[in-house]
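# Coordinate inspection notes
Listed below, chain by chain, are the residues.
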Amino acid sequence: MLARLQQFTTLSLFCAALAWGVYFGRQGELVWAVAGVALILLGYALFLAVEFILLARLAQSDPAPKPTPAQLLRAWWAEVLTAPRVFCWRQPFRSRAEPNFTPAGAEGRRGVVLVHGFVCNRGLWNPWMARLCAEQIPYVAVNLEPLFGSIDQYVAVIEKAVSHLEAATGTAPTIVAHSMGGLATRAWLAACNGDHRVHHIYTIGTPHHGTWLARFGHTTNARQMRTGSDWLTHLARQEPPTRYAKFTCFYSHCDNIVFPARNATLPGARNLHVPGSAHVHLAFQQEVLDEVLLGLRRPSFSAVKPGVPAAEAT
């Protein structure tokens, strides 16, 4: 569903830009032609800029390291370049380019479940899937549907992926989750007694304690991600204190979707700060992938103190 929606959006924008450019170009209005095409194709960069301005203002009261103007500018530019690759190419047109990889003879190899976030699909993970396949690491990348349903509805999707890797490898898989996918993973842990069925969980820019920006979302899953929502409160109350030792939480002071930055951390988890990274771009930082690949070779994890004070459990 999402792939078709993003195909329609992407092609509509290109057609609108082409029509505008041709019309005003034929009228000899080259300034209007160029300005209109630029606004249609690059207008999203203005919305991203507003997000960065908002996060900079809220960062003043956050215990995470304060981003410098230069870091914010570089993070904005990286997100400007990353967003169209993800939302206009990989997800709409390449979501099936990298099939799940559970080869025969995978017994004993640690597998990976890849869980995307809000308004995304498995195409987000294409660079990850190519690398995992090259390393002969089994993986399953899910599609979380319904697109705008409750996060609780994604439990069955994750359960199916985990069960598949358990059967294929005979070992507990690692889960790597971006953004809302980390909340779906926590919901799966609570619903399916998953603590002993997973090796480790990595969350990348997950709004564990909600995000200020979600106040503008009105879908069911967006409302659940509002800071202090009833859903987040109920989820946290179900979780034993020891569960967070299973988590490594990557967060950034330049995350333009999940802010304040501390909201992407958990108390007692390995909270790893990735400086200068925007929300989508954070998923493609080399240090994030390297840490996950290293973790796949670890027999076990021990909790370490967070790098910054984690937000209190809701």
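Read on for an overview of the structure. (Residues numbered from 1 in each chain as written. Predicted model: local features only at pLDDT ≥ 70, side-chain atom pairs only at ≥ 80, totals over all residues. Heavy atoms only, no water.)

### Focus on the packing of helix H7 (residues 180–192) against helix H9 (residues 230–238)
Threshold: Helix axes are fitted only over the stretch in contact, all axes being lines through C-alpha atoms; the angle between N-to-C directions runs from 0 to 180 degrees. Helix numbers and strand numbers start at the N terminus; a helix is a DSSP run of H or I with at least 4 residues, a strand a run of E with at least 2. Angles below 35 degrees are treated as roughly parallel, those above 145 as roughly antiparallel, those between 65 and 115 as roughly perpendicular, and all remaining angles as oblique. Throughout, a crossing is termed right-handed when the near helix is turned clockwise from the far one, and left-handed when it is turned anticlockwise from it by less than a right angle. The contact rule is simple, with two residues in contact once any of their heavy atoms fall within 4.5 Å. All residues other than Ala, Val, Leu, Ile, Met, Phe, Trp, Tyr, Cys, Pro, Asp, Glu, Lys and Arg, Gly among them, are scored as polar; the first ten of these are nonpolar and the last four charged.
For the pair H7 and H9, the least separation of the axes is 10 Å and the interaxial angle reads 45 degrees. On the basis of their axis angle, the class for H7 and H9 is oblique. The crossing of H7 and H9 is left-handed. Between H7 and H9, the residues in contact are Leu183, Arg186, Ala187 and Ala190 and Trp231, Leu232, Leu235, Ala236 and Gln238, respectively. Class assignment for the residues of the contact of H7 with H9 results in 7 nonpolar, 1 polar and 1 charged.

### Structural notes on the environment of Gly25
Along the chain, Gly25 falls in helix H1 (residues 2–26). Taking the C-alpha atoms as reference, Gly25 lies 47 Å from Cys133; in sequence the two are 108 residues apart. The contacts of Gly25, once residues within four sequence positions are left out, are Leu30 and Ala33.

### A few points about the packing of helix H3 (residues 44–58) against helix H4 (residues 69–93)
Running from amino to carboxyl end, H3 crosses H4 at an angle of 145 degrees, the nearest separation of the two axes being 10 Å. Considering only the axes of H3 and H4, their crossing is right-handed. Two secondary-structure elements touch here, H3 through Tyr44, Ala45, Leu48, Ala49, Phe52, Leu55 and Ala56 and H4 through Leu72, Ala75, Trp76, Glu79, Val80, Ala83 and Pro84.

### Digging into the side chain of Glu291
Worth spelling out the cut-off: Relative accessibility thresholds used throughout: buried, under 20% of the residue-type maximum; exposed, over 50%; partly exposed, between the two (1.4 Å probe, protein chains only). Identification of polar contacts relies on pairs of N or O atoms within 3.5 Å, with a donor-acceptor requirement for protein atoms, meaning one able to donate a hydrogen and the other able to accept it, and with residues adjacent in sequence counted only if both atoms are side-chain atoms.
Examined against the element boundaries, Glu291 turns out to sit in helix H10 (residues 286–296). Judged by its relative accessible area of 14%, Glu291 is buried. Within the structure, the side chain of Glu291 is placed 3.1 Å from the side chain of Arg298, a separation counted as a polar contact. When near neighbours in sequence (up to four residues on either side) are disregarded, Glu291 contacts Tyr202, Phe250, Arg270, Leu272 and Arg298.

### Description of H9
Within the span of H9, buried status applies to Trp231, Leu232, Thr233, Leu235 and Ala236. Each element contacted by the buried residues of H9 is listed here: H7 and helix H8 (220–224).

### Examining the nonpolar core
Threshold: Put simply, buried Ala, Val, Leu, Ile, Met, Phe, Trp, Tyr and Cys residues joined by side-chain atoms within 4.5 Å make one nonpolar core.
Val113, Val115, Ile151, Ile175, Trp188 and Phe247 are the most contacted members of the largest nonpolar core, which has 33 residues in total. Going through the elements one at a time, strand E1 (112–115), helix H6 (155–169), strand E3 (174–178), H7, H9 and strand E5 (247–251) are the ones with two or more residues in this core. It is H7 that provides the largest number of residues to this core, a total of 6 residues. Membership of the second largest hydrophobic core comes to 25 residues, among which are Leu114, Leu124, Trp125 and Leu282.

### Considering empty space enclosed by the protein
Put simply, the rule reads: The rule is simple: put a 1 Å grid over the protein atoms alone, call a set of points where a 1.4 Å probe fits but cannot get out a cavity, call an open set with protein on both sides within 12 Å along at least five of seven lines a pocket, and count a residue as lining if it has an atom within 4 Å of a point. Grid points are joined across faces, edges and corners, and a volume is the space filled by probe spheres set on the points.
The final tally for this structure, using the stated rule, is 1 cavity of 30 Å³ or more. Size it by volume and the largest cavity reaches roughly 80 Å³. What lines the largest cavity is a set of 15 residues, among which Leu55, Ala59, Asp62, His253 and Ala261 lie closest to the centre. Of the residues that constitute the lining of the largest cavity, the class distribution is 10 nonpolar, 2 polar and 3 charged.

### Considerations on the pairing of E3
We count it as follows: Any two strands with at least two DSSP-identified bridges between them are counted as paired. Throughout, right-handed denotes a crossover for which the path from the first strand over the helix to the second runs clockwise when the strands point away from the viewer.
Among the 5 residues of E3, 5 are classified as buried, and the element is accordingly described as predominantly covered. In E3, alternate side chains face the same way, and those of Thr174, Val176 and His178 on one face and Ile175 and Ala177 on the other are all buried. Here E1 runs beside E3; their pairing, made up of 4 bridges, is parallel. Following the sheet pairing, Val112 is matched in E3 by Thr174. Chirality of the crossover, the property in question, places the unit of E3, H7 and strand E4 (residues 200–204) among those that are right-handed.

### Notes on the layout of surface pockets
Of the voids in this model, the largest pocket is the one considered here, and its volume is about 1300 Å³. Of all the elements in the fold, those that place two or more residues in the lining of the largest pocket are H1, helix H2 (30–42), H3 and H4. Looking at the lining of the largest pocket, the element that brings in the most residues is H1, giving 6 residues. By volume, the second largest pocket is sized at about 240 Å³.

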